[in-house]
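In case you want the letters, here they are:
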Amino acid sequence: MLRNFANYALCIALAVLLCVFVSGLGGLFILILLGLTLVFSLVLIIVSKKTVSVSVKLSTSIANKGEDVELEISIAKSTFLPTSYVEITLDMTPNITTEHLKTFKVISARRTGDIITVPLKTEFCGEATVMLSDVRLIDYLGIVAIKLPSADTQSIRSAVRIMPQIRDAGVQADVLKATSENAASYEEEEEESNESAIGLTGVAGYEHRKYEVGDPLKRVNWKLSSKRDELMVRLDDKVLSSSQSFILDYPLVTVPDRQYYKNVDMIIEASLSLLSMLLLQGYESTYTYYLGTWQTVEVSDEKGLLYLQEELAGIRPTPMQARNEAVMEADNTVICFTCCTSNMPQEISAFYKSKGCSLVVTEQSGISKISTNMWKITEDFEFVAM
């Protein structure tokens, strides 16, 4: 602005010199023209301040990862006069991107205003927000700039929910075994509850047979299998309907970057992958997450899993106060999928130190082992005990 003002002052000075030393009439004409230009420019910025409004709208409210969406920036005005320059600066959460410019400077000359279309691409799951971080009016000479009074950037925003994928990570026996043991799936009286009872397999207690491909891991008797050094499956129906409890830990950070959102994306999809594995083996689960308030969903069938998938499309970071409440209520049977990274030491250990529940982190998070019961997720969505 200062440079533009200096250039305008220089033009005035040259016009004065022209008027005095070369042509009085010609110099006077240029002076009048420069003065009228300044007046006209200032009048338009004052009119625009009272008559222009800006809004944004995304083309969809829910989308898949990698999908193209469009942002419409509407510049509306209530006068036939053209606007002054309207300078708009876009900002967005790192889970949605654009190759377009993020700053626009336009003049709206149409009676009804104008619409700017910006192409975007969804990248990571969860709620993505696009907002106007700054809207200013600038006069034609670039000397005066004012913030548009009606442009409260907190309200000029639009959001899209990005669906996580349910990855097919196969059947991972180690994590399923650990999960099933944690859920206490069998009654307290194990295979040795009746030493005199001999089943079809010749094993004391309830009837068993060797594991065959396709048998649900829910019926694997892990205690007996470890003794016999081979998987043994119970043939009776005395399996309890216990469920495993999961919680999603998505702490709010001051300046979340793309890497943090990528880590969140992987944690969420890994948790859905494990829920899918458990469903295939006949296990039910409960899943707790924060969406304005703490909510718990029972995942007992595919319908429940798909409902949770859609819910997590709108997930947002959890405020610290709400997160602390969850930490206080957690118990040691919970498996916590945490979105923390290695540069968040206080947040990482919150659940572990409070109740000692199991932790799941990503390989890319850089977190080392801090708990006796801790798992990491590889890029191929493989669960590896740490």
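For clarity, every value in this text was computed on a predicted model and none was experimentally measured.

1. Examining the overall build of the protein
- Scanning the protein from terminus to terminus reveals nine helices and 19 strands.
- For the protein, buried positions account for 45% of its 386 residues.
- Contacts spanning at least 24 positions in sequence make up 67% of the contacts within the protein whose residues lie at least 6 apart.

2. Section: the layout of surface pockets
- Taken as a whole, the largest pocket holds about 300 Å³ of empty space.
- Lining the largest pocket are 14 residues, with Thr 93, Thr 129, Met 131, Tyr 261 and Pro 317 sitting closest to its centre.
- Of all the elements, strand β8 (residues 126-138) adds the most residues to the lining of the largest pocket, at three residues.
- Its residues assigned to classes, the lining of the largest pocket shows eight nonpolar, two polar and four charged.

3. With respect to the side chain of Ser 365
- In this structure, Ser 365 sits in the loop between β17 (358-362) and β18 (374-377).
- Within the structure, the side chain of Ser 365 is placed 2.6 Å from the backbone oxygen of Thr 362, a separation counted as a polar contact.
- For Ser 365, the contacting residues outside a window of four places in its chain are Asn 263, Cys 340, Thr 341 and Ser 342.

4. Thoughts on the pattern of salt bridges
- This model, assessed by the stated rule, comprises eleven salt bridges.
- Across the pair Arg 136 and Asp 134 runs a salt bridge, and its minimum N-O distance is 3.5 Å.
- The exposure class assigned to Arg 136 is partly exposed, which follows from its relative accessible area of 27%.
- For Asp 134, a relative accessible area of 22% corresponds to the partly exposed category.
- The salt bridge partner of Glu 269 is Arg 167, with a shortest N-O separation of 2.8 Å. Remark: Arg 167 occurs in the loop between β10 (157-163) and α3 (173-182) and Glu 269 occurs in helix α5 (residues 258-280); sequence separation between them is 102 residues.
- Owing to a relative accessible area of 0%, Glu 269 belongs among the buried residues under this scheme.

5. As for the packing of aromatic side chains
- As enumerated under the stated definition, the model contains seven aromatic pairs in all.
- Ring geometry for Phe 246 versus Phe 337: centroids 5.8 Å apart, planes at 45°, classification tilted. Remark: Phe 337 occurs in strand β16 (residues 334-338) and Phe 246 occurs in strand β13 (residues 243-249); sequence separation between them is 91 residues.
- Note on Phe 337: relative accessible area 0%, which makes it buried.
- Judged by centre distance (5.4 Å) and plane angle (70°), the ring pair of Tyr 290 and Trp 294 falls under edge-to-face.

6. A word on the environment of Thr 37
- Along the chain, Thr 37 turns up in helix α2 (residues 24-51).
- Overall, the relative accessible area of 33% leaves Thr 37 in the partly exposed class.
- With 104 residues separating them in the primary sequence, Thr 37 and Leu 141 have C-alpha atoms 8.2 Å apart.

7. Focus on unusual backbone geometry
- Positive phi is not limited to glycine here, since Phe 381 has a value of about 60°.
- Residue placement: Phe 381 occurs in the loop between β18 and β19 (383-385).

8. Digging into the environment of Ile 367
- Relative to the assigned elements, Ile 367 resides in the loop between β17 and β18.
- A relative accessible area of 10% means that Ile 367 is categorised as buried.
- Along the chain, Ile 367 and Asn 343 lie 24 residues apart, while their C-alpha atoms are 8.6 Å from each other.
- The contact partners of Ile 367, leaving out residues within four places of it in the chain, are Cys 340, Thr 341, Ser 342, Ile 348, Val 361, Met 374 and Met 386.

9. Details of the nonpolar core
- Ranked by size, the top nonpolar core spans 51 residues in total, and within it Leu 248, Leu 274, Leu 312, Phe 337, Ile 377 and Phe 383 carry the most contacts.
- Here this core gets 13 residues from one element, more than from any other, and that element is α5.
- With residues near it in sequence (within four places) discarded, Leu 274 still touches Val 175, Leu 176, Thr 179, Phe 246, Phe 337 and Phe 383.
- Of all hydrophobic cores here, the second largest spans 28 residues; its members include Ile 73, Ile 75, Val 86 and Val 118.

10. A short note on the state of the cysteines
- One pass over the full model with this rule turns up zero disulfides.
- The closest cysteine sulfur to the non-disulfide-bonded Cys 125 is located on Cys 339, 8.7 Å from its own sulfur.
- Cys 125 gets classed as buried once you look at its relative accessible area, which sits at 2%.

11. Things to note about the sheet that holds strand β5 (residues 96-97)
- With respect to topology, four strands assemble into an open sheet ordered β1-β3-β7-β5, the strand pairing being antiparallel. Each of the sheet's edge strands pairs with one partner strand only, and the pair in question is β1 (52-58) and β5.
- By the bridge criterion, two bridges tie β5 to strand β7 (residues 114-122) in an arrangement that is antiparallel. Opposite Ile 96, over in β7, you have Thr 122 as the bridge partner.
- Contacting β1 and β3 (68-77), α2 runs over the sheet at an angle of about 50° to β1.

What counts, and at which threshold
- Residues numbered from 1 in each chain as written.
- Predicted model: local features only at pLDDT ≥ 70, side-chain atom pairs only at ≥ 80, totals over all residues.
- Heavy atoms only, no water.
- Helix = DSSP H or I, 4+ residues; strand = E, 2+ residues; numbered from the N terminus.
- Buried < 20%, exposed > 50% of the residue type's maximum accessible area, 1.4 Å probe, protein only.
- Contact = heavy atoms within 4.5 Å.
- 1 Å grid on protein atoms, 1.4 Å probe; cavity = no way out; pocket = protein on both sides within 12 Å on 5 of 7 lines; lining within 4 Å.
- Points joined across faces, edges and corners; volume = space filled by probe spheres on them.
- Nonpolar A, V, L, I, M, F, W, Y, C, P; charged D, E, K, R; others polar.
- Polar contact = N/O pair within 3.5 Å; in protein donor to acceptor, adjacent residues only side chain to side chain.
- Salt bridge = Lys/Arg side-chain N within 4 Å of Asp/Glu carboxyl O.
- Phe/Tyr/Trp six-rings, centres within 6.5 Å; stacked < 30°, edge-to-face > 60°.
- Core = buried A, V, L, I, M, F, W, Y, C linked by side-chain atoms within 4.5 Å.
- Disulfide = S-S within 2.5 Å.
- Pairing = 2+ DSSP bridges.
- Axes fitted to C-alpha atoms, helices over the stretch in contact; angles between N-to-C directions.

Function-wise, these values are silent; they only describe arrangement.
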